[in-house]
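Letter by letter, the chains look like this.
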Amino acid sequence: MQIVITKDYEAMSRSAAAVIAAQVIAKPDAILGLATGSTPVGLYRNLVAGCAAGDLDFSHITTVNLDEYAGLDGTHDQSYRYFMNHNLFDHVNIDKANTNVPNGKAEDPDAECARYEALLKKLGPADIQLLGMGHNGHIGFNEPGDAFIAPTHVVELTESTINANARFFASRDEVPKKALTMGMGAIMRARRVLVVVSGHDKARAVKDAFAGPITPKCPASILQLHPDVVLVGDEAALSGLLEAGVQV
Ligand code: GLP
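Parameters and conventions
- Residues numbered from 1 in each chain as written.
- Predicted model: local features only at pLDDT ≥ 70, side-chain atom pairs only at ≥ 80, totals over all residues.
- Heavy atoms only, no water.
- Buried < 20%, exposed > 50% of the residue type's maximum accessible area, 1.4 Å probe, protein only.
- Helix = DSSP H or I, 4+ residues; strand = E, 2+ residues; numbered from the N terminus.
- Pairing = 2+ DSSP bridges.
- Phe/Tyr/Trp six-rings, centres within 6.5 Å; stacked < 30°, edge-to-face > 60°.

**Q** Run through the pairing of strand E7 (residues 153-156), naming residues and quoting values.
**A** Residues His153 and Val155 of E7 are buried on one face, while the alternating residues Val154 and Glu156, pointing to the opposite face, are not. The pairing of E7 with strand E8 (residues 178-181) spans 4 bridges and is antiparallel. If you follow Val154 over to E8, its bridge partner there is Leu180.

**Q** Report on the packing of aromatic side chains, specifying residues and quantitative values.
**A** Following the criterion strictly, the structure yields 5 aromatic pairs and no others. Ring centres 4.9 Å apart and planes at 45° place the aromatic pair Tyr69 and Tyr80 in the tilted group. Taken as a pair, Tyr69 in strand E4 (residues 67-69) and Tyr80 in helix H3 (residues 80-87) lie far apart in primary sequence, 11 residues in all. As far as the burial class goes, Tyr69 and Tyr80 line up, both buried. Here Tyr69 and Phe169 contribute two aromatic rings whose centre-to-centre distance is 5.7 Å and whose plane-to-plane angle is 85°, an arrangement assigned as edge-to-face. Of this pair, Tyr69 sits in strand E4 while Phe169 sits in the loop between helix H5 (159-165) and E8, and the two are 100 residues apart along the sequence. By the burial criterion, Tyr69 is buried, and Phe169 matches it. In textbook terms, an aromatic cluster arises when at least three aromatic residues are bridged by ring pairs, as seen for Tyr69, Tyr80, Phe141 and Phe169.

Listed below in C-alpha coordinates is the structure:
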(Lines give C-alpha, C1' and ligand atoms only; values in the text may rest on other atoms or scores of the structure.)
Protein backbone atom coordinates (compact mmCIF):
# COMPACT_ATOMS: atom_id res chain seq x y z
CA MET A 1 0.00 0.00 0.00
CA GLN A 2 1.14 3.49 -0.79
CA ILE A 3 0.27 6.16 1.78
CA VAL A 4 0.26 9.85 0.93
CA ILE A 5 -0.05 12.18 3.89
CA THR A 6 -1.06 15.78 3.28
CA LYS A 7 -1.32 18.87 5.43
CA ASP A 8 -5.03 19.44 5.04
CA TYR A 9 -8.17 18.74 3.02
CA GLU A 10 -7.24 20.97 0.09
CA ALA A 11 -3.82 19.33 -0.32
CA MET A 12 -5.43 15.89 0.00
CA SER A 13 -7.88 16.82 -2.76
CA ARG A 14 -5.09 18.01 -5.08
CA SER A 15 -2.95 14.91 -4.51
CA ALA A 16 -5.83 12.49 -4.96
CA ALA A 17 -7.04 14.34 -8.08
CA ALA A 18 -3.54 13.99 -9.51
CA VAL A 19 -3.78 10.20 -9.15
CA ILE A 20 -7.06 10.14 -11.12
CA ALA A 21 -5.75 12.68 -13.63
CA ALA A 22 -2.69 10.52 -14.29
CA GLN A 23 -5.02 7.61 -15.06
CA VAL A 24 -7.14 9.70 -17.45
CA ILE A 25 -4.03 10.94 -19.25
CA ALA A 26 -2.37 7.51 -19.44
CA LYS A 27 -5.53 5.75 -20.65
CA PRO A 28 -8.08 8.09 -22.27
CA ASP A 29 -10.71 5.32 -22.43
CA ALA A 30 -10.23 4.26 -18.81
CA ILE A 31 -13.02 2.98 -16.60
CA LEU A 32 -13.18 5.09 -13.45
CA GLY A 33 -14.97 3.77 -10.39
CA LEU A 34 -16.32 6.83 -8.60
CA ALA A 35 -17.58 7.64 -5.12
CA THR A 36 -19.76 10.21 -3.40
CA GLY A 37 -19.73 11.76 0.07
CA SER A 38 -18.22 15.06 1.15
CA THR A 39 -14.61 13.83 1.03
CA PRO A 40 -14.19 13.59 -2.79
CA VAL A 41 -15.85 16.96 -3.52
CA GLY A 42 -12.51 18.81 -3.58
CA LEU A 43 -10.97 16.09 -5.75
CA TYR A 44 -13.79 16.51 -8.29
CA ARG A 45 -13.30 20.29 -8.19
CA ASN A 46 -9.66 19.75 -9.18
CA LEU A 47 -10.64 17.41 -12.03
CA VAL A 48 -13.13 19.99 -13.31
CA ALA A 49 -10.36 22.61 -13.25
CA GLY A 50 -8.03 20.24 -15.10
CA CYS A 51 -10.62 19.71 -17.80
CA ALA A 52 -11.35 23.45 -18.08
CA ALA A 53 -7.61 24.08 -18.48
CA GLY A 54 -7.54 21.61 -21.36
CA ASP A 55 -5.31 19.15 -19.51
CA LEU A 56 -7.90 16.41 -19.07
CA ASP A 57 -10.15 14.87 -21.69
CA PHE A 58 -13.11 12.80 -20.44
CA SER A 59 -14.70 12.21 -23.85
CA HIS A 60 -13.76 8.52 -23.94
CA ILE A 61 -13.99 7.83 -20.22
CA THR A 62 -16.56 5.46 -18.73
CA THR A 63 -17.58 5.72 -15.08
CA VAL A 64 -19.23 3.33 -12.64
CA ASN A 65 -20.42 4.65 -9.32
CA LEU A 66 -20.42 2.69 -6.11
CA ASP A 67 -23.92 3.16 -4.84
CA GLU A 68 -27.28 4.90 -4.69
CA TYR A 69 -30.00 5.41 -2.10
CA ALA A 70 -33.04 3.19 -2.59
CA GLY A 71 -36.12 5.28 -3.36
CA LEU A 72 -34.37 8.41 -4.59
CA ASP A 73 -34.77 9.51 -8.17
CA GLY A 74 -31.73 10.92 -9.98
CA THR A 75 -33.32 14.38 -9.83
CA HIS A 76 -33.51 14.32 -6.01
CA ASP A 77 -30.79 16.65 -4.76
CA GLN A 78 -29.52 14.04 -2.28
CA SER A 79 -29.35 11.22 -4.79
CA TYR A 80 -25.90 10.12 -5.79
CA ARG A 81 -26.75 10.54 -9.50
CA TYR A 82 -27.54 14.19 -8.77
CA PHE A 83 -24.33 14.51 -6.74
CA MET A 84 -22.23 13.16 -9.62
CA ASN A 85 -23.89 15.37 -12.22
CA HIS A 86 -23.56 18.40 -9.99
CA ASN A 87 -19.96 17.83 -8.83
CA LEU A 88 -18.39 16.38 -11.97
CA PHE A 89 -20.35 15.19 -15.00
CA ASP A 90 -22.06 18.52 -15.79
CA HIS A 91 -18.70 20.30 -15.78
CA VAL A 92 -16.45 18.03 -17.85
CA ASN A 93 -16.64 16.77 -21.43
CA ILE A 94 -17.90 13.32 -20.49
CA ASP A 95 -20.65 11.57 -22.46
CA LYS A 96 -23.36 11.05 -19.80
CA ALA A 97 -24.39 7.87 -21.62
CA ASN A 98 -21.08 6.45 -20.39
CA THR A 99 -21.73 7.31 -16.74
CA ASN A 100 -23.33 4.62 -14.60
CA VAL A 101 -25.01 4.87 -11.21
CA PRO A 102 -27.41 2.24 -9.83
CA ASN A 103 -31.05 3.26 -10.30
CA GLY A 104 -32.45 3.99 -6.84
CA LYS A 105 -35.97 4.23 -8.22
CA ALA A 106 -36.00 0.78 -9.80
CA GLU A 107 -39.28 -1.02 -9.07
CA ASP A 108 -37.39 -4.20 -8.25
CA PRO A 109 -34.15 -3.22 -6.44
CA ASP A 110 -32.79 -6.79 -6.50
CA ALA A 111 -33.24 -6.97 -10.27
CA GLU A 112 -31.54 -3.58 -10.56
CA CYS A 113 -28.59 -4.92 -8.54
CA ALA A 114 -28.36 -7.92 -10.90
CA ARG A 115 -28.46 -5.57 -13.91
CA TYR A 116 -25.71 -3.40 -12.42
CA GLU A 117 -23.54 -6.38 -11.56
CA ALA A 118 -23.89 -7.72 -15.12
CA LEU A 119 -22.91 -4.28 -16.44
CA LEU A 120 -19.82 -4.19 -14.20
CA LYS A 121 -18.78 -7.61 -15.46
CA LYS A 122 -19.38 -6.61 -19.08
CA LEU A 123 -17.34 -3.42 -18.76
CA GLY A 124 -14.53 -5.25 -16.98
CA PRO A 125 -12.50 -4.13 -13.98
CA ALA A 126 -12.25 -0.45 -13.19
CA ASP A 127 -8.80 0.91 -13.93
CA ILE A 128 -9.07 2.82 -10.70
CA GLN A 129 -11.73 2.72 -8.00
CA LEU A 130 -12.11 5.78 -5.80
CA LEU A 131 -13.37 5.17 -2.25
CA GLY A 132 -14.23 7.33 0.73
CA MET A 133 -14.78 5.71 4.11
CA GLY A 134 -17.64 5.78 6.58
CA HIS A 135 -17.01 6.21 10.31
CA ASN A 136 -17.77 2.52 10.81
CA GLY A 137 -15.34 1.52 8.06
CA HIS A 138 -17.96 1.14 5.34
CA ILE A 139 -16.95 1.52 1.69
CA GLY A 140 -19.62 2.26 -0.88
CA PHE A 141 -22.55 1.20 1.29
CA ASN A 142 -20.97 -2.09 2.33
CA GLU A 143 -21.86 -1.90 6.00
CA PRO A 144 -20.22 -3.88 8.82
CA GLY A 145 -21.63 -7.38 9.07
CA ASP A 146 -20.81 -11.05 9.38
CA ALA A 147 -19.50 -11.55 5.84
CA PHE A 148 -18.04 -9.60 2.94
CA ILE A 149 -20.69 -9.57 0.19
CA ALA A 150 -19.29 -9.89 -3.33
CA PRO A 151 -22.02 -8.79 -5.80
CA THR A 152 -24.02 -5.58 -6.05
CA HIS A 153 -26.74 -5.84 -3.43
CA VAL A 154 -29.44 -4.05 -1.48
CA VAL A 155 -28.33 -3.06 1.99
CA GLU A 156 -30.04 -1.84 5.17
CA LEU A 157 -28.13 1.22 6.29
CA THR A 158 -26.82 1.21 9.87
CA GLU A 159 -27.76 3.81 12.46
CA SER A 160 -24.21 5.20 12.25
CA THR A 161 -24.50 5.77 8.50
CA ILE A 162 -28.01 7.22 8.71
CA ASN A 163 -26.87 9.60 11.45
CA ALA A 164 -23.75 10.63 9.52
CA ASN A 165 -25.68 11.28 6.32
CA ALA A 166 -28.60 13.04 8.03
CA ARG A 167 -26.67 16.32 7.76
CA PHE A 168 -27.47 16.41 4.05
CA PHE A 169 -31.24 15.98 4.49
CA ALA A 170 -33.87 18.33 5.92
CA SER A 171 -34.50 15.84 8.73
CA ARG A 172 -33.19 12.45 9.85
CA ASP A 173 -36.51 10.85 8.89
CA GLU A 174 -35.88 11.73 5.26
CA VAL A 175 -32.65 9.72 5.05
CA PRO A 176 -33.39 6.53 3.08
CA LYS A 177 -32.98 3.39 5.17
CA LYS A 178 -31.79 1.24 2.28
CA ALA A 179 -29.34 1.56 -0.57
CA LEU A 180 -28.02 -0.32 -3.57
CA THR A 181 -24.28 -0.84 -3.44
CA MET A 182 -21.51 -2.35 -5.48
CA GLY A 183 -20.19 -5.31 -3.49
CA MET A 184 -16.66 -6.21 -2.56
CA GLY A 185 -16.20 -8.25 -5.74
CA ALA A 186 -16.08 -5.34 -8.17
CA ILE A 187 -14.19 -3.17 -5.68
CA MET A 188 -11.49 -5.81 -5.25
CA ARG A 189 -11.34 -6.50 -9.01
CA ALA A 190 -10.39 -2.88 -9.70
CA ARG A 191 -6.83 -2.64 -10.93
CA ARG A 192 -6.05 0.11 -8.47
CA VAL A 193 -7.92 1.48 -5.46
CA LEU A 194 -7.64 5.11 -4.33
CA VAL A 195 -8.92 5.80 -0.81
CA VAL A 196 -9.45 9.40 0.29
CA VAL A 197 -9.92 10.39 3.93
CA SER A 198 -9.97 13.67 5.78
CA GLY A 199 -10.48 14.84 9.35
CA HIS A 200 -10.04 13.52 12.89
CA ASP A 201 -13.43 11.85 12.83
CA LYS A 202 -12.06 9.31 10.33
CA ALA A 203 -8.83 8.51 12.24
CA ARG A 204 -10.27 5.52 14.12
CA ALA A 205 -11.84 3.95 11.01
CA VAL A 206 -8.63 4.41 9.02
CA LYS A 207 -6.58 2.78 11.77
CA ASP A 208 -9.01 -0.15 12.08
CA ALA A 209 -9.09 -0.61 8.30
CA PHE A 210 -5.38 -0.60 7.63
CA ALA A 211 -3.75 -1.56 10.95
CA GLY A 212 -6.40 -3.89 12.37
CA PRO A 213 -7.58 -7.39 11.56
CA ILE A 214 -9.19 -8.14 8.19
CA THR A 215 -12.83 -8.56 9.16
CA PRO A 216 -16.29 -7.77 7.73
CA LYS A 217 -16.89 -5.89 11.01
CA CYS A 218 -14.68 -3.22 9.37
CA PRO A 219 -15.49 -3.56 5.66
CA ALA A 220 -12.58 -1.40 4.43
CA SER A 221 -10.14 -3.84 6.06
CA ILE A 222 -10.58 -6.11 3.01
CA LEU A 223 -8.42 -3.59 1.14
CA GLN A 224 -5.39 -4.99 2.96
CA LEU A 225 -5.73 -7.89 0.50
CA HIS A 226 -5.70 -5.65 -2.60
CA PRO A 227 -2.33 -5.47 -4.39
CA ASP A 228 -2.49 -1.79 -5.39
CA VAL A 229 -4.04 0.61 -2.87
CA VAL A 230 -3.17 4.28 -2.66
CA LEU A 231 -4.39 5.92 0.55
CA VAL A 232 -4.40 9.71 0.42
CA GLY A 233 -5.32 11.43 3.65
CA ASP A 234 -4.67 14.53 5.65
CA GLU A 235 -2.68 14.44 8.89
CA ALA A 236 -5.82 14.36 11.01
CA ALA A 237 -7.34 11.35 9.28
CA LEU A 238 -4.07 9.43 9.22
CA SER A 239 -3.15 10.25 12.84
CA GLY A 240 -4.46 6.93 14.23
CA LEU A 241 -2.57 4.94 11.62
CA LEU A 242 0.66 6.78 12.40
CA GLU A 243 0.16 6.22 16.14
CA ALA A 244 -0.26 2.52 15.40
CA GLY A 245 3.25 2.60 13.93
CA VAL A 246 2.41 2.24 10.25
CA GLN A 247 5.27 3.65 8.18
CA VAL A 248 4.46 6.35 5.64
C1 GLP B 1 -21.59 7.56 2.17
C2 GLP B 1 -21.12 6.91 0.87
C3 GLP B 1 -19.69 6.44 0.96
C4 GLP B 1 -18.82 7.52 1.57
C5 GLP B 1 -19.32 7.84 2.95
C6 GLP B 1 -18.45 8.83 3.69
O7 GLP B 1 -22.04 6.63 3.09
N8 GLP B 1 -21.96 5.81 0.49
O9 GLP B 1 -19.24 6.08 -0.34
O10 GLP B 1 -17.48 7.10 1.60
O11 GLP B 1 -20.63 8.35 2.81
O12 GLP B 1 -18.84 10.12 3.37
P13 GLP B 1 -18.05 11.43 3.74
O14 GLP B 1 -16.95 11.54 2.76
O15 GLP B 1 -19.07 12.52 3.61
O16 GLP B 1 -17.57 11.27 5.14
